[in-house]
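# Survey of secondary and tertiary structure
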Amino acid sequence: MKYISSSRMKAIDTNCAYLGLLPLQLMENAGAAIAQSVKERLGSGKVLFVAGRGNNGGDAFVAARHLAGIPGYSVRVMLLGKSRDIGTEEALHNFSLLRSSRVQILEIRDSSQLTALEWFSEADLLVDAVFGTGVKGEIKDPESTSIDLINREGKNGKTVIAVDIPSGLDPDGRDFEKAVYADFTVTFHHMKAGLMTERAKEHTGTVKVAEIGVCADAESYVGPGDLQMLQKRKPEAHKGKAGRVLIIGGGPYSGAPALAALGALKAGADLVTAAVPDSVARIVASYSPDIIVRKLSSSILCPEDLSILSDLINSHDVVVMGMGLGKSTETLEAVRKILPFCRKVVLDADALSALSGTLFETLAGNCEIIVTPHAGEFARLRGLDTPDDPEAREKAVREFSGEMGVVTLLKGKTDIISDGKQTLLNRTGNPGMTVGGTGDVLAGITGSLFSRNPAFLAAACAAFINGAAGDLAFEKAGNALLATDVLEKIPEIIREAGIG
């Protein structure tokens, strides 16, 4: 059975909003699914909704409104807290509608109110909507007491339905303090990881996965929700904590490593060092004083440079290698000798020519690798033509990534990102980005994100950011767009996503 983490589900919800599916619509659908589950278990009678102040409570408010319009049901909603403290616009909107829906409402300000009430004992069925997947840390009152009272009524034979996940249960399968014992759990879109553990099964009862109309593309395409899963810079962080990126490139070309270095900086890396051949060091340094430039020994990358690079690799979180290197025999040999020293590496452009299946096998388990080929480079990596058919191309990327133990970011009109187990597509970007240098910028962004995030997430989000920055730049520059125009728009995309 497919299951999903709480952070991934939150990302999908955000992506739905990005596509135009309003959170209010998803809440309405979730509430309708809960109401249906209540009707299936209670033909008529008294229903008590115990609701928190988040979206889980919002789902319950919708369900209560639906049931209150059906003859034979007496509906009560107990809000744990004050209505002014309801956390989302959607939940507050649906709470306000209860006042016009023949629903009895009580706002609980103190846990002593809970024990003094007869609402728990008078109910024929209780709906647990206290926490959902947002539970964090120690459970305090009045939530803690409400969980105890729900469980008391469950022991007395009352039916208990949990909304999305029994309150108190950890949504991702970690340990938890206490939780509601439900007879039935209505979870949304996909099974949650936390419902799959043996201990959790004692609390969930029968689990139903209710479809609530999530857009398919919100799950299969990268969007702003995925960006919100990226690690955020902490206020107490000091220099270097947001990532140290080492760029290894240049020789025949000087602009490529400079653009990659600037891409990493614009994407939020704290420190970026460009290790480049002596022949282009001064040119790369001239692009920006923010790039730390280290000269290598000759006019191209060569095996002798390993003495310089080994210490640099150790002092950086991730290596981004390949941009502008050229494909001389010496250079490709150097790439192969450098890779065993890397813990995390993004391989682009000319560095891809050094790769082979046996090299991947040698590095397996010791080095996390992201490769960023275009269709021609991907064909050479596989030794097979890259399919034109979208489904066949996606399958090829997934199989290659799984076999080689890497994350692949295949660049194209629609980017394909896969680690062999999970796959995402990206459709940001435009024809103006065929200009030289935009792939170098992408490599730098990928390295920056990879320095502090998992490889698959870093590659997927880098593709989105690079393409979205290119789309903003294209609005002004059109087909005269330059890679440097893309660089300037990266911070705007990151800021809009709320991660920088």
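This write-up is about the structure you can find in this document. (Residues numbered from 1 in each chain as written. Predicted model: local features only at pLDDT ≥ 70, side-chain atom pairs only at ≥ 80, totals over all residues. Heavy atoms only, no water.)

In spatial order, the strands read β4-β3-β2-β5-β6-β7-β9; together these seven strands make up an open sheet with parallel pairing. In this open sheet, the two strands that pair with only one neighbour each are β4 (104-108) and β9 (206-210). Sheet twist, expressed as the mean angle between neighbouring strand axes with direction ignored, is 20°. Judged from the five bridges that link them, strand β7 (residues 184-188) and β9 form a sheet pairing that is parallel. (Pairing = 2+ DSSP bridges. Helix = DSSP H or I, 4+ residues; strand = E, 2+ residues; numbered from the N terminus. Axes fitted to C-alpha atoms, helices over the stretch in contact; angles between N-to-C directions.)

Let us now look at the side chain of Asn-15. If you trace the backbone, Asn-15 turns up in helix α1 (residues 6-19). Given the relative accessible area of 1%, Asn-15 is considered buried. Among the polar contacts listed, one links the side chain of Asn-15 to the backbone nitrogen of Gly-225, at a separation of 2.7 Å. In contact with Asn-15, other than residues within four places in its own chain, are Ala-218, Tyr-221, Gly-223, Pro-224, Gly-225 and Asp-226. (Buried < 20%, exposed > 50% of the residue type's maximum accessible area, 1.4 Å probe, protein only. Polar contact = N/O pair within 3.5 Å; in protein donor to acceptor, adjacent residues only side chain to side chain. Contact = heavy atoms within 4.5 Å.)

Moving on: the side chain of Asn-466. Topologically, Asn-466 is positioned in helix α19 (residues 455-477). Its relative accessible area of 6% is what places Asn-466 among the buried residues. Setting aside residues no more than four positions away along its own chain, Asn-466 makes contact with Met-433, Thr-438, Val-441, Leu-442, Ile-445 and Val-486.

The final tally for this structure, using the stated rule, is four aromatic pairs. With centroids separated by 5.2 Å and ring planes inclined at 65°, the aromatic side chains of Phe-61 and Phe-95 adopt a geometry described as edge-to-face. With Phe-61 in helix α3 (residues 55-68) and Phe-95 in helix α4 (residues 89-98), the pair connects residues that are 34 residues apart, well separated along the chain. For the pair Phe-61 and Phe-95, a shared accessibility class is recorded, and that class is buried. Ring centres 5.3 Å apart and planes at 85° place the aromatic pair Phe-378 and Phe-400 in the edge-to-face group. In this pair, Phe-378 is assigned in helix α16 (residues 375-382) and Phe-400 in helix α17 (residues 390-404), connecting sequence segments 22 residues apart. Each member of the pair, Phe-378 together with Phe-400, is buried. One residue, Arg-41, lies across the ring of Phe-184, its end atom 3.4 Å from the ring centre. (Phe/Tyr/Trp six-rings, centres within 6.5 Å; stacked < 30°, edge-to-face > 60°. Lys NZ or Arg CZ within 6 Å of the ring centre and 35° of its normal.)

Bringing the packing of helix α11 (residues 255-266) against helix α18 (residues 438-450) into the picture now. Where α11 contacts α18, the axes come no closer than 7 Å and their chain directions differ by 40°. One way to sum up the angle between α11 and α18 is to call them oblique. Considering the relative orientation of α11 and α18, their crossing is right-handed. Taking contact as the criterion, the partners of Ala-256, Leu-259, Ala-260, Gly-263 and Ala-264 in α11 are, on α18, Asp-440, Val-441, Gly-444, Ile-445 and Ser-448. The residue inventory of the contact of α11 with α18, partitioned by class, reads six nonpolar, three polar and one charged. (Parallel < 35°, antiparallel > 145°, perpendicular 65-115°, else oblique. Left-handed = near helix turned anticlockwise from the far one by under 90°. Nonpolar A, V, L, I, M, F, W, Y, C, P; charged D, E, K, R; others polar.)

The subject of this paragraph is a negative patch on the surface. On the surface, a cluster of negative charge is contributed by Asp-385, Asp-388, Asp-389 and Glu-391. With respect to the element layout, Asp-388 can be found in the loop between α16 and α17. For Asp-388, a relative accessible area of 73% gives the class exposed. (Patch = residues over 30% accessible without salt bridge, like charges linked within 9 Å, V, L, I, M, F, W, Y side chains within 5 Å. Areas by Shrake-Rupley, 256 points an atom, 1.4 Å probe, with all protein chains shown as cover. Salt bridge = Lys/Arg side-chain N within 4 Å of Asp/Glu carboxyl O. Lys, Arg positive; Asp, Glu negative; His and termini not counted. Charge placed at Lys NZ, Arg CZ, Asp CG, Glu CD.)

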